[in-house]
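Listed below, chain by chain, are the residues.
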Amino acid sequence: MTIRQFKAVALKELSSSPSPALDIDVLLCFSLNCTKTHLLLHYNEELPLENLLWLEKAVEKRKTGLPVAYITGHKEFYGYDFIVSPSVLIPKPDTEILTARAIDVITDVILKRPSSVLTVCDMCTGSGCIALSVLKSLIDEPAVPRELIPAFTLVDISAEALSVARENARHLIPDEYLERVRFIQSNLFEEVPFLFNVILTNPPYVPAQMAAELLKDGRNEPLLALDGDAGADGEPASSCDGLSVIRRLLPECAGHLVYGGSLLMETGEYNAETAAGLAKECGFKGVNILRDLENQLRVVECHYQSLH
């Protein structure tokens, strides 16, 4: 079977997918280890039997609703290749807004205060996509002195998620900087005794009922990473706005930031303004909400007892 023939068959098989052509191209490129341009130039070439068998199984998995990223085990985020599994959320393009802003904030502090190494926490790290993209970008930025590359602490309640994050660190970060990355399994800051200059977080913020509905399509993403209404003990909380985790997280962030430290937190477009109000109640100043790629309210940025 040629690449063209396979794609024609697969398009019919994946007619229920919102993006069948893209799904098939990603699977083909992954299986053949090639670019989309290569596919276009070699559409009439025969698929090796081993690749064809893998692709047929991949299409069957995709028909169940399983995301392509979980099938390939990889997802691009901020221009970097991340390893993913059903133990972690698949990195989303909107989270790149938080990442880009974090790079700007951290770089600015480094260049203005070049006297010490900054400490950064990525709470609810999942795959590590935020922290590791920020770290890799800072390493690749010539303006940032090598000796001032920050120290990163990646925290998650899930041991399985931290395993994926560790694998991504080994995959993306040069060996000489790996000693600046540590991992802690913790329910928010319970097991984290340190203070930080910057806290980054993409916590669960989806209302419980909405999270349950999202997972009915077979996407297999971890409910623990979506359900913002989970209580401190993992049981359902009394609220239903997706902010129960954030209500616990914000005062803990305040207690783990140095004076003038910065917090960047992703939240939902439907509860970002309430989350920003909660941040003000916890003593944060200069509270601002950044918009995502679709112009929706997405990232709450604020500073604890800011000097500005």
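See the structure printed just above.
Report follows, based on the coordinates. Because the structure is predicted, anything quoted here is derived from the model rather than measured. Along every chain, residues carry numbers that run from 1 in the direction the sequence is written. With pLDDT at 70 or above as the cut-off, local features in this predicted model cover only qualifying residues; side-chain atom pairs require 80 or more to be listed or tallied, and sums for whole chains, interfaces and linings still use all residues. Note that the side-chain values use all heavy atoms of the structure and ignore hydrogens as well as water.

## So, helix α8 (residues 159-172)
So, point 1. Look at α8: 20 Å from first C-alpha to last across 14 residues, which is about the 20 Å you get at 1.5 Å a residue.
So, point 2. Remark: exposure states derive from per-residue accessible area (1.4 Å probe, protein chains only) relative to the maximum for the residue type, with buried under 20%, exposed over 50%, and partly exposed in between. Secondary structure is summarised from DSSP: a helix means a run of H or I of at least four residues, a strand means a run of E of at least two, and numbering begins at the N terminus for each. Of all the positions in α8, only A161, L162, V164, A165, N168, A169 and L172 are classed as buried. Taken down its axis, α8 places every buried residue within 155 degrees of arc, on the same side.
So, point 3. Contact definition: two residues touch when any of their heavy atoms are within 4.5 Å. Buried-residue contacts for α8 involve β2 (80-83), α7 (129-140), β4 (151-156), α9 (175-178) and β5 (181-185). A helix's residues, less one, multiplied by 1.5 Å, set its expected span. In this description, the arc belongs to the directions extending from the helix axis to the C-beta atoms.

## Side note on the nonpolar core
So, point 1. Nonpolar cores are built from buried Ala, Val, Leu, Ile, Met, Phe, Trp, Tyr and Cys residues. Side-chain atoms within 4.5 Å join them into one set. The biggest cluster of nonpolar side chains holds 35 residues, and the ones touching the most others in it are I106, V134, L138, F152 and L200.
So, point 2. When contributions to this core are tallied by element, the ones reaching two or more residues are β2, α6 (95-112), α7, β4, α8 and β6 (196-201).
So, point 3. Per-element accounting of this core gives the leading share, 8 residues, to α7.
So, point 4. Those residues in contact with I106 that lie beyond four places of it in its chain are L118, V120, V134, L138, P150 and V198.

## Here we look at the pattern of salt bridges
Between side chains of opposite charge, pairing is possible as soon as their charged atoms come close.
So, point 1. Whenever Lys or Arg places a side-chain nitrogen within 4 Å of a carboxyl oxygen from Asp or Glu, that contact is recorded as a salt bridge. A full pass over the atoms with the stated rule returns 15 salt bridges.
So, point 2. A salt bridge links D25 to K7, with the nearest nitrogen and oxygen atoms 2.7 Å apart. Residue D25 is found in helix α2 (residues 20-32), and its partner K7 is found in helix α1 (residues 3-13); the two are separated by 18 residues along the sequence.
So, point 3. Overall, K7 belongs to the buried group, its relative accessible area being 12%.
So, point 4. Among the ionic pairs, R219 bridges to E221, the shortest N-O distance being 3.7 Å.
So, point 5. The partly exposed category is assigned to R219, whose relative accessible area is 21%.

## Quick look at helix α4 (residues 49-63)
So, point 1. The first and last C-alpha atoms of α4 sit 21 Å apart over 15 residues, in line with the 21 Å expected at 1.5 Å per residue.
So, point 2. Three or more residues of α4 are buried, namely N51, L52, L55, A58, V59 and R62. When α4 is viewed along its axis, its buried side chains cluster within an angular range of 125 degrees and face the same direction. Among the exposed residues of α4, those oriented more than 90 degrees off its buried face are L49, E50 and K57.
So, point 3. Among the structural elements, α1, α2 and α5 (68-72) are those in contact with the buried residues of α4.
So, point 4. Backbone geometry just downstream of α4 places G65 in the positive-phi region, at approximately 105 degrees.

Honestly, that's just the spatial picture; any functional story needs more than this.
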